[in-house]
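# Structural features, examined
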Amino acid sequence: MDREKVRYAGKYILAAIKWAAVSLLIGVVCGLLGTAFHWGIDWVTRYRSEHMAVIWLLPLAGVATLLLYRLCRVSFDAGTNLIITSVVTGEHIPVLLAPLITAGTLLSHLFGASVGREGAALQLGGTIGHNLGELMRFDEDDVRVLAMSGMAACFSAMFGTPVSAAVFVLEVICVGTFQYAAFLPCIIASCTAGWLGRLLGSKPMAFDLPHIPEASWEFVLKTALLAALTAALSIVLCIALHKSAEFWAKLIKNPYLRIFLGGLIMAVLVTALGLGDYAGAGAHMIERAIGGETEPWAFAVKLLLTALCVGVGFRGGEIVPTLFIGATFGCAVGPLLGLDPGFGAAAAMAALFCSVVNCPIATLFLTAELFGTTDLGLFAVAIAVAFVLSGYFGLYNSQRFQFSKVKRRAYEEK
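To keep things clear, this report deals only with the structure shown in the data block. Owing to the predicted nature of the structure, the values given are computational and were not obtained by experimental measurement.

### Focus: the nonpolar core
Phe168, Ile286, Val357, Phe371 and Tyr396 are the most contacted members of the largest nonpolar core, which totals 130 residues. Looking at this core, the element that brings in the most residues is helix 6 (residues 140-159), giving 13 residues. One finds Ala350, Ile383, Phe387 and Phe401 within the second-largest nonpolar core, a separate group that totals six residues.

### Side note on the side chain of His109
Its location among the elements puts His109 in helix 4 (residues 97-111). A residue is classified by how much of its surface remains accessible, and His109, at 1% relative accessible area, is buried. Once residues within four sequence positions are removed from consideration, His109 is found in contact with Ile41, Val44, Thr45, Arg48, Val115, Gly116, Arg117, Gly280 and Ala281.

### Some remarks on unusual backbone geometry
Its identity is not glycine, yet Arg137 carries a phi of approximately 60°, on the positive side. Looking at the element boundaries, Arg137 is found in the loop between helix 5 (118-135) and helix 6. The phi angle at Asn358 is positive, at roughly 60°, despite the residue not being glycine. Within the element layout of this structure, Asn358 appears in the loop between helix 14 (341-357) and helix 15 (360-371).

### A short note on the environment of Cys331
Relative to the helices and strands, Cys331 is located in helix 13 (residues 319-333). Once the C-alpha coordinates of Cys331 and Ala345 are considered, the two residues, 14 residues apart in sequence, prove to be 4.3 Å apart.

### What to know about the packing of aromatic side chains
Within the structure shown, the criterion is met by 14 aromatic pairs. Here Tyr69 and Phe76 contribute two aromatic rings whose centre-to-centre distance is 5.0 Å and whose plane-to-plane angle is 90°, an arrangement assigned as edge-to-face. For the residue pair Tyr69 and Phe76, the accessibility class agrees, reading buried in each case. Looking at Arg117, its charged tip hangs above the ring of Phe159, at a distance of 4.9 Å from the centre. One Lys or Arg, Arg315, reaches over the ring of Tyr69 and ends 5.8 Å from the middle of that ring.

### Focus: a nonpolar patch on the surface
On the surface, Val28, Leu32, Trp39, Trp195, Leu199 and Leu200 cluster together into a nonpolar patch covering about 600 Å² of accessible area. Tallying contributions element by element places helix 1 (residues 2-50) first for the nonpolar patch, with three residues. With respect to the helices, strands and loops of the structure, Leu32 is situated in helix 1. Under the relative-accessibility criterion, Leu32 is labelled partly exposed at 45%.

### Considering the pattern of salt bridges
Note that side chains of opposite charge can pair when their charged atoms are close. Scanning the entire structure with this criterion turns up six salt bridges. A salt bridge links Glu140 to Arg144, with the nearest nitrogen and oxygen atoms 2.6 Å apart. With Glu140 and Arg144 both in helix 6 and four residues apart, this pair spans about one turn of that helix. Salt-bridge contacts for Arg288 lead to Glu295; the nearest nitrogen and oxygen are separated by 3.4 Å. The network of salt bridges with common partners includes Glu140, Asp141 and Arg144.

Rules of the game
- Residues numbered from 1 in each chain as written.
- Predicted model: local features only at pLDDT ≥ 70, side-chain atom pairs only at ≥ 80, totals over all residues.
- Heavy atoms only, no water.
- Core = buried A, V, L, I, M, F, W, Y, C linked by side-chain atoms within 4.5 Å.
- Buried < 20%, exposed > 50% of the residue type's maximum accessible area, 1.4 Å probe, protein only.
- Helix = DSSP H or I, 4+ residues; strand = E, 2+ residues; numbered from the N terminus.
- Contact = heavy atoms within 4.5 Å.
- Phe/Tyr/Trp six-rings, centres within 6.5 Å; stacked < 30°, edge-to-face > 60°.
- Lys NZ or Arg CZ within 6 Å of the ring centre and 35° of its normal.
- Patch = residues over 30% accessible without salt bridge, like charges linked within 9 Å, V, L, I, M, F, W, Y side chains within 5 Å.
- Areas by Shrake-Rupley, 256 points an atom, 1.4 Å probe, with all protein chains shown as cover.
- Salt bridge = Lys/Arg side-chain N within 4 Å of Asp/Glu carboxyl O.

Take a look at the structure:
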């Protein structure tokens, strides 16, 4: 037995060298592209904030995005779900998806659609890793690992959270299992991309959380109650996002007219009701909520506008709006439970993120990286409670559930 282990040790060393080299390449490529994309998002966001009248061009931006996909003969339904499916089944990812999702997301943010940017990061990185693996003639299993490495790298470059980016990709594919074979490549690619982003001046997503209460029984119970309420909100959010797409598809068969009308409704609402802070991803509103300031209805408004924009087809993603919704919800509801509004915002933000992506371990790392803390006891409570009570809802239809959340047995979909 010992001789067998020694004989295989050489293979492990060669495999580690191989993956280190390829993952560094993925990290550099995705780090450069992800950082450039990050700068692009920041620039269009600043421009829109200074020229809010451009939101009236949002309907045309939606039509232009759809037209680009059609001209390049890439399905408009190709998105994060395709990337996740590809990792599971090996399905081919069209190389043109990378520039298309980049252009579509930039247009969405420039003209004020209520969408995020993580979808673009995952699709950009997954497309690069997948097609690079095919170009290098790797076998199907290795191509899947490279796709995951690319996803982690671009996510890291965009958000500046390398550890949680890697763990998220390892955890999100199939709930209940962890993709250990991809651990080394994802960590190397993610950390390389994150380091490169910081070197080039990309500012990581981070918040100053001045107060975390002691983990007494009183605050544990209050935090758990907030997490339970947030889990209920996550179910509403997931249903709203999925049903919105179904509703608009049934209501308006023509996709060009659908996205045009959705953009027009968004422009009218933002202009008539003064909702400029709700256009785009809204990262500045997350910072305000962590600082203890929010309107009590902010989370509901963001949820409705995001459901509208995602439902009619604007590109981008749902994660940053999810963080917005969670932070503003926690800031408003936390004080009613006796929690500091800033801590309530942070705890609910983590709980809602975990609930919609079903990734508790990645969420714990994300909390540490976003708030720069190792005091994670109460956050762990919030994440665990939300993970169980949110059930089997999620943002990604292609995400699989391998095991039940509450029992050690295979998950059986009812």
